[in-house]
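A structural walkthrough
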Amino acid sequence: MIKLEKVNKWYGDYHALNDVTGSVAKGEVVVVCGPSGSGKSTMIRTLNRLEEIQKGDIQISGKSIYGPGVDINKLRASIGFVFQQFNLFPHYSVRDNITLSARKVGGMSVAQANALAEDLLNKVGLSHKIDAMPANLSGGQQQRVAIARALAQRPPLILFDEPTSALDPEMVGEVLAVMKQLASEGMTMVVVTHEMGFARDVADRIWFMDAGEILEDTTPQEFFTAPRHPRSRKFLEDILQRSVV
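An account of the accompanying structure is given in this report. The model shown is predicted, which means the values in this text are computed figures rather than measured ones. (Residues numbered from 1 in each chain as written. Predicted model: local features only at pLDDT ≥ 70, side-chain atom pairs only at ≥ 80, totals over all residues. Heavy atoms only, no water.)

A large share of strand E7 (residues 157–161) lies buried, amounting to 5 of its 5 residues. Burial along E7 is two-sided: the face carrying Leu157, Leu159 and Asp161 and the face carrying Ile158 and Phe160 are both buried. Judged from the 3 bridges that link them, strand E6 (residues 80–82) and E7 form a sheet pairing that is parallel. Paired with glycine 80 across the bridge in E7 is isoleucine 158. Where E7 lies against strand E8 (residues 188–192), 5 bridges are found, and the strand directions are parallel. Looking across to E8, one finds that phenylalanine 160 is bridged to valine 191. (Buried < 20%, exposed > 50% of the residue type's maximum accessible area, 1.4 Å probe, protein only. Helix = DSSP H or I, 4+ residues; strand = E, 2+ residues; numbered from the N terminus. Pairing = 2+ DSSP bridges.)

Right, here's the structure in full:
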């Protein structure tokens, strides 16, 4: 479903992505991890062209998203994206946050969009909050609404950019539970996260990034028991030390 071929990205003189190459099959859950500044968020944002690349190519479902005539808005509408900071529209209710794209982009009637919102909110355990405003929700609830909104276009693929890093610790579990449910239903997911428990339990493969490169593309079993690269071993050692402290 996703193929990156020698993807490069610069910010001025800073080489943010360096020949990034990898693929994600339909139904796979790929967790992207690595130290801060390693290029994880930049990489995932190139998959729907929130960030542009300067060299290489990215294909979604066999078609280059950087080819001539690509409709960027149509591309983004077909890929769910869950942000670190939720990015709900504060002046819209939960219902309207979810139904907006379904009505304006998907062409659904109000009745169809409302039924969809009710179904998606039931999936994330928030059907009772359909008329609430974002300001009246906890961080975990806002992120679950954001996941429901990402599902509103029935995308074949959802990208998660550190979806729990802005949450208080007690709210992390409720968001990860929804993500685990989506994974169990066969949703193709690319997840940038520091939640190593989620990576171990849910991921089909792990990409470890550092200095703008994918240094390991391996299974959770191999990554957590026998990481090959010295940087990934150091990364796991640091996480283990923090968990003990």
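Right, let's talk about the side chain of arginine 149 for a bit. On the secondary structure map, arginine 149 appears in helix H5 (residues 139–151). Within the buried core, arginine 149 has no salt-bridge partner, and the shortest N-O distance to an opposite charge, that of aspartate 96, equals 12 Å. Reaching out from arginine 149, the side chain makes a polar contact with the backbone oxygen of asparagine 87 at a distance of 3.0 Å. There is a polar contact of 3.4 Å between the side chain of arginine 149 and the side chain of asparagine 97. Ignoring sequence-local partners within four residues, the contact set of arginine 149 consists of Phe86, Asn87, Leu88, Phe89, Asn97 and Ile98. (Lys, Arg positive; Asp, Glu negative; His and termini not counted. Salt bridge = Lys/Arg side-chain N within 4 Å of Asp/Glu carboxyl O. Polar contact = N/O pair within 3.5 Å; in protein donor to acceptor, adjacent residues only side chain to side chain. Contact = heavy atoms within 4.5 Å.)

Its 13 residues place the ends of H5 19 Å apart at the C-alpha level, agreeing with the 18 Å of an ideal helix rising 1.5 Å per residue. Within H5, 13 of the 13 residues are buried, leaving the element largely enclosed by the surrounding structure. (Expected span 1.5 Å × (residues − 1).)

Take the nonpolar core next. Among the nonpolar cores identified, the biggest contains 52 residues, and Ile98, Ile147, Phe160, Met179 and Met189 are the most heavily contacted of them. In terms of residues, this core owes the most to one element, helix H6 (residues 169–184), which gives 8 residues. (Core = buried A, V, L, I, M, F, W, Y, C linked by side-chain atoms within 4.5 Å.)

Attention now moves to the packing of aromatic side chains. According to the stated counting rule, one finds 5 aromatic pairs in the structure shown. With a centroid separation of 5.3 Å and an interplanar angle of 55°, the aromatic rings of phenylalanine 208 and phenylalanine 235 are classed as tilted. On the criterion of sequence distance, the pair formed by phenylalanine 208 in strand E9 (residues 205–210) and phenylalanine 235 in helix H9 (residues 230–244) is long-range, its members being 27 residues apart. In terms of burial, phenylalanine 208 and phenylalanine 235 fall into one category: buried. When the centroid spacing of 5.2 Å and the interplanar angle of 80° are considered together, the rings of phenylalanine 223 and phenylalanine 224 count as edge-to-face. Pair check on accessibility: phenylalanine 223 and phenylalanine 224 agree, each one buried. The aromatic ring of phenylalanine 224 is capped on one face by arginine 200, whose charged end is 4.4 Å from the ring centroid. (Phe/Tyr/Trp six-rings, centres within 6.5 Å; stacked < 30°, edge-to-face > 60°. Lys NZ or Arg CZ within 6 Å of the ring centre and 35° of its normal.)

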